[in-house]
Amino acid sequence: MSHPLLNLREGPVARLRMNRPQVHNAFDAELIAALTGALEAVGRDPEVRVVVLEGEGASFSAGADLNWMRSMAAASEDENRIDSLALARLMRALNELPKPTIAKVHGAAFGGGVGLVACCDIAIGSREAKFGLTESRLGLLPAVISPYVIEAIGARQARRWFASAEIFDAEQACAMGLLHDVAHPTALDTAVQRQVDLLLKAGPLASAQAKSLVRQVSSHSDGARHDADNAALIARLRVSPEGQEGLSAFLDKRKPAWCG
């Protein structure tokens with residue numbers, strides 16, 4: 001029986017490929033656990049500088065596996081709460097991963113699949129990709145993924161798509177902010193590689209801390225504290241080995257050491 005997740009390494013790039021193509025990479029407890037564990041491992045790995053999340057076969061991820069949902073429908077409320085917390089742990093691990101992440105999206109991205117896209121720092125989609133927050137068709141809501149999806153597309157858009165369960169295309173996803181770019185299916189690999197190359201040219205520490213900076217700035221209500229925290233951050237970066245190397249390389253008109 002094949003493993004539900006492939007962890008493919010290409011030098012400093014970790015490609016986490018969901019590997020349940022027979023069900024369009026739909027979630028079940030095993031895939032959730034495997035992906036959470038892999039994210040936590042690459043987050044601790046100093047050799048990993050970029051993480052690409054992708055799906056094997058025809059789709060990125062079609063949301064929840066029907067057999068898994070059937071089993072949870074027969075479970076108790078407490079069992080369902082524990083199960084939902086496992087999905088919440090996965091989304092938070094991806095959203096807060098201390099490495100830059102790229103979602104490579106093709107085929108279907110429904111339900112929790114949309115959550116994965118929203119949690120990644122950069123999302124590139126095939127022009128033929130389809131998206132849907134389809135939970136309301138089942139009398140449910142995308143509650144666990146809602147913080148990340150709302151952050152990505154905004155509250156007004158979320159009110160529409162959460163309620164209607166409409167399917168939308170890649171151009172609409174890009175217009176709303178769920179995707180950053182849309183590529184022709186034959187150019188998707190190239191578009192993703194371009195982002196990987198850009199991230200590898202950035203300072204490893206700086207690119208890793210970018211998302212935490214955005215999160216801190218977005219949550220600050222105290223302007224003076226905000227200024228003090230940002231000043232302290234840039235001061236630490238300037239005197240760090242990476243900051244010193246980056247500034248020296250710029251002044252010396254050479255590539256920094258992390259570019260190889």
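Presented here is an overview of the structure given in this document. (Residues numbered from 1 in each chain as written. Predicted model: local features only at pLDDT ≥ 70, side-chain atom pairs only at ≥ 80, totals over all residues. Heavy atoms only, no water.)

This next bit is on the nonpolar core. Among the nonpolar cores identified, the biggest contains 50 residues, and Leu-116 and Phe-131 are the most heavily contacted of them. Considering every element that reaches this core, the biggest residue donor is helix 1 (residues 29-44), with seven residues. Not counting residues within four places of it along the chain, the set of residues in contact with Leu-116 comprises Met-18, Phe-27, Leu-35, Leu-53, Phe-60, Leu-90, Met-91 and Leu-94. Formed by twelve residues, the second largest nonpolar core is a distinct cluster that contains Val-50, Ala-183, Val-192 and Leu-200. (Core = buried A, V, L, I, M, F, W, Y, C linked by side-chain atoms within 4.5 Å. Buried < 20%, exposed > 50% of the residue type's maximum accessible area, 1.4 Å probe, protein only. Helix = DSSP H or I, 4+ residues; strand = E, 2+ residues; numbered from the N terminus. Contact = heavy atoms within 4.5 Å.)

All right, on to the pattern of salt bridges then. Under the criterion given, the structure shown has 17 salt bridges. We note a salt bridge from Arg-17 to Glu-54, for which the minimum N-O separation is 2.8 Å. Of this pair, Arg-17 sits in strand 2 (residues 13-18) while Glu-54 sits in strand 3 (residues 50-55), and the two are 37 residues apart along the sequence. Judged by its relative accessible area of 22%, Arg-17 falls in the partly exposed class. Take Glu-54: its relative accessible area is 3%, and that puts it in the buried class. (Salt bridge = Lys/Arg side-chain N within 4 Å of Asp/Glu carboxyl O.)

Bringing the packing of helix 1 against helix 3 (residues 77-95) into the picture now. Between helix 1 and helix 3, the shortest axis-to-axis distance is 9 Å and the interhelical angle comes to 30°. Our classification of the angle between helix 1 and helix 3 gives roughly parallel. In the crossing of helix 1 with helix 3, the sense of the turn from one axis to the other is left-handed. Where helix 1 approaches helix 3, its residues Ile-32, Leu-35, Thr-36, Leu-39 and Glu-40 are matched on the opposing element by Ala-86, Leu-87, Arg-89, Leu-90, Ala-93 and Leu-94. When its residues are assigned to classes, the contact of helix 1 with helix 3 shows eight nonpolar, one polar and two charged. (Axes fitted to C-alpha atoms, helices over the stretch in contact; angles between N-to-C directions. Parallel < 35°, antiparallel > 145°, perpendicular 65-115°, else oblique. Left-handed = near helix turned anticlockwise from the far one by under 90°. Nonpolar A, V, L, I, M, F, W, Y, C, P; charged D, E, K, R; others polar.)

Moving on, we get to the sheet that holds strand 6 (residues 122-126). The strand order across the open sheet built from six strands is 1-2-3-4-6-9, with neighbouring strands paired in mixed fashion. This sheet does not close on itself; its edge strands, each paired only once, are strand 1 (5-10) and strand 9 (181-183). Strand-to-strand twist in this sheet, taken as the mean axis angle between neighbours without regard to direction, amounts to 20°. As paired elements, strand 6 and strand 9 share three bridges and run parallel to each other. Across the sheet, Ser-126 pairs through a bridge with Ala-183, a residue of strand 9. Packed onto the sheet, helix 4 (residues 112-119) meets strand 2, strand 3, strand 4 (101-105) and strand 6 and runs at close to 140° relative to strand 4. (Pairing = 2+ DSSP bridges.)

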